[in-house]
Amino acid sequence: MLPVFESMEKELEALQKNRRFRRLFDIGDRKGCRIEFEGRSLLNLSSNDYLGIGGDRIMTLEYLEEISGNEPHVALTSSSSRLLTGNHRFYGLLESMLAALYGREAALVFNSGYHANTGILPALSTRQDLVLSDKLNHASIIDGGRIAEAAFKRYRHLDYDHLEALLEENRGKHRQVFIVTESVFSMDGDLADLKKLVELKDRYRAMLIVDEAHGAGTFGRSGQGVCEATGLTKDIDIIIGTFGKAFASTGAYAVTDRLVRDYLVNTMRTLIFTTALPPVILGWSKKVLEQQRTMSDERRHLHSLAGMLREALQEKGMRTAGASQIVPVIMGTNENVVRADAALRNAGFLALPVRPPTVPENTARIRLSLRADIGWEDIAPIPGILHAIH
Ligand SMILES: Cc1ncc(COP(=O)(O)O)c(C=O)c1O
């Protein structure tokens, strides 16, 4: 056996032993908020379809009819990179819509949030720069930092005194400092203090990049994200959003200044060296973006559900966190979450467990991802179920 296979086998055995072995599940059809999973229809609390648009059959059929009945034909592939023949005119329309929605000069669409985060920092930063990143930022931001030539340091999660100490310590030592944060943290559902970050970035002349992957569509009057809810859309240098979550499509975007957009088009490897998104997806993203602007009632409902669920969990003495539609229930050991997962599934809920290394040791959790197309009665039993196995 090749040495590499031997090591792989050993590592996988250790993962099995520690109940960390992951496998890919076959997922069946989605019907509204429900999903077919291992032959059963379960309430899907494991997706990022926060507004319920992904499960909205009527809207989906409406779009399919729009594109199938009409000429010109909307292709299922773009067959090349954006810089060759992949830049279908829907890109321009979508980017104009995004720039108008955020009231910013320009927008740029990418294949995914992963492409955005692994492409932007490497494109913008140089060896003379420094990236300061929240300790709990998403893996794609960390990977972007690894690829970038700039020095990469992490500040303690939401600890802006620590961030400021790093800014102070590095004052004058770099061409440019970049501060990168998520707005809604994906595993804890807590929020960055964007006001504080804008203050710091102004004071230290840093560039601020905010990933609104879980904030876009769920926060702000028109669904821009936490940047809109806090009135700071114009103060953040680059706002990143994804289409794969509340916007129920595929892809991601940055809204920023024209200069930054032009620079990224010329230098960003994950934009240049990859096949562009299919027009059929870009058209759907346009439709969803337009629709979601009007979904303030759904956003309010989503946050009210999250508040009620947090309260009910705390009443039962369960450990939860955050201030968004993502409600983690921190159960500690991997054994606990595996049991919680089974109990929830038995009761008709799909809320898959998140274990280390995705989250820190001893904070294995059930991550409840709420959605606007359900009511309190749908999730009311959950605190009791989790309490019983805790
Ligand atoms: C904060 C954050 N950024 C980026 C991504 C990646 O986005 P995408 O799924 O579009 O690659 C995710 C999740 O997947 C995320 O949670």
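About the cut-offs
Residues numbered from 1 in each chain as written. Predicted model: local features only at pLDDT ≥ 70, side-chain atom pairs only at ≥ 80, totals over all residues. Helix = DSSP H or I, 4+ residues; strand = E, 2+ residues; numbered from the N terminus. Rg over C-alpha atoms; globule rule 2.2 N^0.38 Å. Buried ≥ 20, exposed ≤ 12 C-beta atoms within 10 Å, placed from the backbone. Pairing = 2+ DSSP bridges. Contact = placed C-beta atoms within 7 Å. Axes fitted to C-alpha atoms, helices over the stretch in contact; angles between N-to-C directions. Near = placed C-beta within 6 Å. Nonpolar A, V, L, I, M, F, W, Y, C, P; charged D, E, K, R; others polar. Domains from an automatic or database assignment.

Enquirer: If you had to explain the overall build of the chain to someone new, which residues and values would you point to?
Expert: Per the secondary structure count, the chain includes 15 helices and 14 strands. A compact globule built from 390 residues would reach a C-alpha radius of gyration of about 21 Å, and the chain, at 21 Å, matches this within 12%. Counting only C-alpha atoms and orienting by the principal axes, one finds that the chain spans roughly 60 × 55 × 55 Å. Going through the 390 residues of the chain one by one, you find that 46% of them count as buried.

Enquirer: Could you give an account of the sheet that holds strand β14 (residues 364-369), with specific residues and numbers?
Expert: Within the open sheet, the three strands sit side by side as β11-β14-β13. Their pairing is antiparallel. Here the strands that pair on one side only, and so sit at the sheet edges, are β11 (326-332) and β13 (353-354). The pairing of β11 with β14 spans six bridges and is antiparallel. Along β14, the bridge assignment pairs Val 329 with Ile 366. Strands in contact with helix α13 (residues 334-346) are β11, β13 and β14; relative to β14, the strand with the most contacts, it is inclined by about 35 degrees.

Enquirer: Account for the site of the ligand, with residues named and values stated.
Expert: If you check the shell around the ligand, you find 14 residues, and the closest are Ser 112, Gly 113, Tyr 114, His 138 and Ala 213. Examining the composition of the shell around the ligand, we find that three residues originate from one element, helix α4 (residues 113-124), more than from any other. When its residues are assigned to classes, the shell around the ligand shows three nonpolar, nine polar and two charged.

Enquirer: Lay out the pairing of β14 with the relevant residues and their values.
Expert: Judged by how many residues are buried, β14 sits mostly within the fold: six of six residues are covered. Taking every second residue as pointing to the same face, both faces of β14 are buried, with Ala 364, Ile 366 and Leu 368 on one and Arg 365, Arg 367 and Ser 369 on the other.

Enquirer: Talk me through the domain arrangement of the chain; I want residue IDs and the actual numbers.
Expert: By the assigned domains, the chain splits into domain 1 (23-51 + 295-389) and domain 2 (70-292). Using only C-alpha atoms to locate each centre, domain 1 and domain 2 end up separated by 27 Å. Contact residues are listed per partner, giving 20 residues for domain 1 and 18 residues for domain 2. Put simply, the parts of the chain that give the side of domain 1 that touches domain 2 at least two residues each are α12 (296-315) and β11.

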